[in-house]
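A structural walkthrough
So you can see what is in the structure, the chains are spelled out below.
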Amino acid sequence: MTRSPFSTPSAPSQISDMFAQSTAVLARPAPSTFERFERRGGTGQALMYVLLAAAVSGVIAALFSVFHSDVTFFGQLFSRLIGIPAQFLVFTGAVYLIGRYLFGGTGRYSEVAYTFALFFVPLSIVGTLLGIIPIFGWFVQSVVIALALAFFGFLAVQSSMNLRDPVKAGVTLVLSALAYSTVGAVLIRALFGL
């Protein structure tokens, strides 16, 4: 049975395709690798993939909440289900806006979201799994995974925003991180009155 060219692939098929694309991006890190995939999906597919990472992270954190007296099962689950997609959207939105309006990038937001999802999802799942290991997991999660996210983010900015100048791509990434931190601080203050 052949599929109509107008039909859309099922969610499991899209996840499977994105996982294969993630594997390629992680195995051959380069802007050209991201270029191969940036138009194979859009914002919806990226968000679906990020929601998968949020669900995996939420379940793992919730299951291990019994070992911590300061967190709850549902608190860990829901904070990740809401927080991870929100953080992803804020950061990729900052990359798009800063890359486009400060440095003349020509990419579309859908390309930014999709390319970032390809490395963010597997690295965040690995970080969550390793994060359950005391001390070592914290180091890996805080340092190694953070450096990997920065490295792949740099390549994704070059590809998705078409900013081949390494300085412009790097500054876009740094300014996006600062904007993300600022938005996060404002939201925490607004939500918790801190």
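The structure presented is a predicted model; accordingly, all values stated were derived computationally and were not measured.

**Description of the overall build of the protein chain**
Along the protein chain, the regular secondary structure elements total seven helices and zero strands. Relative to the compact-globule value of 16 Å for 194 residues, the protein chain shows a C-alpha radius of gyration of 17 Å, a close match. Dimensions of the protein chain, computed from the C-alpha atoms along their principal axes, are close to 50 × 50 × 30 Å. Partitioning the intrachain contacts of the protein chain with sequence separation of at least 6 by distance along the chain shows that 71% fall at a separation of at least 24. Per element, the accessible surface of the protein chain, about 10700 Å² overall, is 72% carbon and sulfur. Positive and negative side-chain charges in the protein chain, numbering 11 and 6 respectively, have mean positions lying 3 Å apart.

**Some thoughts on the packing of aromatic side chains**
Counted under the stated rule, the structure contains eight aromatic pairs. Measuring from ring centre to ring centre gives 6.1 Å for Phe 34 and Phe 119, while their planes differ by 85°; the resulting arrangement is edge-to-face. With Phe 34 in helix α2 (residues 31-37) and Phe 119 in helix α5 (residues 109-131), this residue pair connects regions lying 85 residues apart in the sequence. Grouping residues by exposure puts Phe 34 and Phe 119 together as buried. Judged by centre distance (5.5 Å) and plane angle (40°), the ring pair of Phe 88 and Phe 120 falls under tilted. Of this pair, Phe 88 sits in helix α4 (residues 73-101) while Phe 120 sits in helix α5; the two residues are 32 residues apart in sequence, bridging distant segments of the chain. Its relative accessible area of 5% is what places Phe 88 among the buried residues. Site record: aromatic cluster; members linked through ring pairs are Phe 34, Phe 91, Phe 116, Phe 119, Phe 151, Phe 152 and Tyr 180.

**Section: the side chain of Gln 158**
Relative to the helices and strands, Gln 158 is located in helix α6 (residues 136-160). Beyond its immediate stretch of four places on either side in the chain, Gln 158 contacts Pro 31, Leu 163, Arg 164, Pro 166 and Ala 169.

**A look at α5**
Taking 1.5 Å as the rise per residue, α5 with 23 residues should run 33 Å; its terminal C-alpha atoms sit 31 Å apart, in good agreement. α5 sits mainly inside the fold: 17 of its 23 residues count as buried.

**Some words on the nonpolar core**
Counting residues in hydrophobic clusters, the biggest one holds 36 residues, and the most contacted among them are Phe 116 and Phe 119. Listed by contribution, the elements that provide at least two residues to this core are α1 (11-27), α2, α3 (43-63), α4, α5, α6 and α7 (166-192). Of all the elements, α5 adds the most residues to this core, at 10 residues. Excluding anything up to four places from it in sequence, Phe 119 contacts Val 25, Leu 26, Phe 34, Leu 149, Phe 152, Gly 153 and Ala 156.

**Things to note about α3**
Between its terminal C-alpha atoms α3 stretches 30 Å, which fits the 30 Å expected from 21 residues at 1.5 Å a residue. For α3, the set of buried residues is Ala 46, Tyr 49, Val 50, Ala 53, Ala 54, Ser 57, Gly 58, Ile 60, Ala 61 and Ala 62.

**Observations concerning the packing of α4 against α5**
Across the interface, α4 lies against α5 with an axial gap of 9 Å and an inter-helix angle of 130°. Judged by the angle between their axes, α4 and α5 are oblique. In terms of crossing hand, the pair formed by α4 and α5 is right-handed. Within the contact between the two elements, α4 uses Ile 84, Phe 88, Leu 89, Phe 91, Thr 92, Gly 93, Val 95 and Tyr 96 and α5 uses Tyr 109, Val 112, Ala 113, Phe 116, Ala 117 and Phe 120. Class assignment of the residues belonging to the contact of α4 with α5 gives a composition of 12 nonpolar, two polar and no charged.

**Thoughts on the environment of Leu 123**
If you trace the backbone, Leu 123 turns up in helix α5. Sequence separation between Leu 123 and Leu 26 is 97 residues, and the spatial gap between their C-alpha atoms is 9.3 Å.

**A closer look at the confidence of the model for the protein chain**
Residues shown with low pLDDT carry predicted positions that ought not to be read at fine detail. Overall, the predicted model of the protein chain reaches an average pLDDT of 85, with 90% of residues at or above 70. Across the protein chain, α5 holds the top mean pLDDT of 91, while α1 sits lowest at 84. Every residue in residues 1-7 is under pLDDT 50, and counting partners more than four places away or in other chains gives one contact.

**Quick word on unusual backbone geometry**
In this model, Asn 162 sits at a positive phi of 55°, which is unusual for a non-glycine residue. Take Asn 162: it is sitting in the loop between α6 and α7. In this structure Asn 162 comes out as partly exposed when scored by relative accessible area, which is 32%.

About the cut-offs
- Residues numbered from 1 in each chain as written.
- Predicted model: local features only at pLDDT ≥ 70, side-chain atom pairs only at ≥ 80, totals over all residues.
- Heavy atoms only, no water.
- Helix = DSSP H or I, 4+ residues; strand = E, 2+ residues; numbered from the N terminus.
- Rg over C-alpha atoms; globule rule 2.2 N^0.38 Å.
- Contact = heavy atoms within 4.5 Å.
- Areas by Shrake-Rupley, 256 points an atom, 1.4 Å probe, with all protein chains shown as cover.
- Lys, Arg positive; Asp, Glu negative; His and termini not counted.
- Charge placed at Lys NZ, Arg CZ, Asp CG, Glu CD.
- Phe/Tyr/Trp six-rings, centres within 6.5 Å; stacked < 30°, edge-to-face > 60°.
- Buried < 20%, exposed > 50% of the residue type's maximum accessible area, 1.4 Å probe, protein only.
- Expected span 1.5 Å × (residues − 1).
- Core = buried A, V, L, I, M, F, W, Y, C linked by side-chain atoms within 4.5 Å.
- Axes fitted to C-alpha atoms, helices over the stretch in contact; angles between N-to-C directions.
- Parallel < 35°, antiparallel > 145°, perpendicular 65-115°, else oblique.
- Left-handed = near helix turned anticlockwise from the far one by under 90°.
- Nonpolar A, V, L, I, M, F, W, Y, C, P; charged D, E, K, R; others polar.
- pLDDT = per-residue confidence, 0-100.

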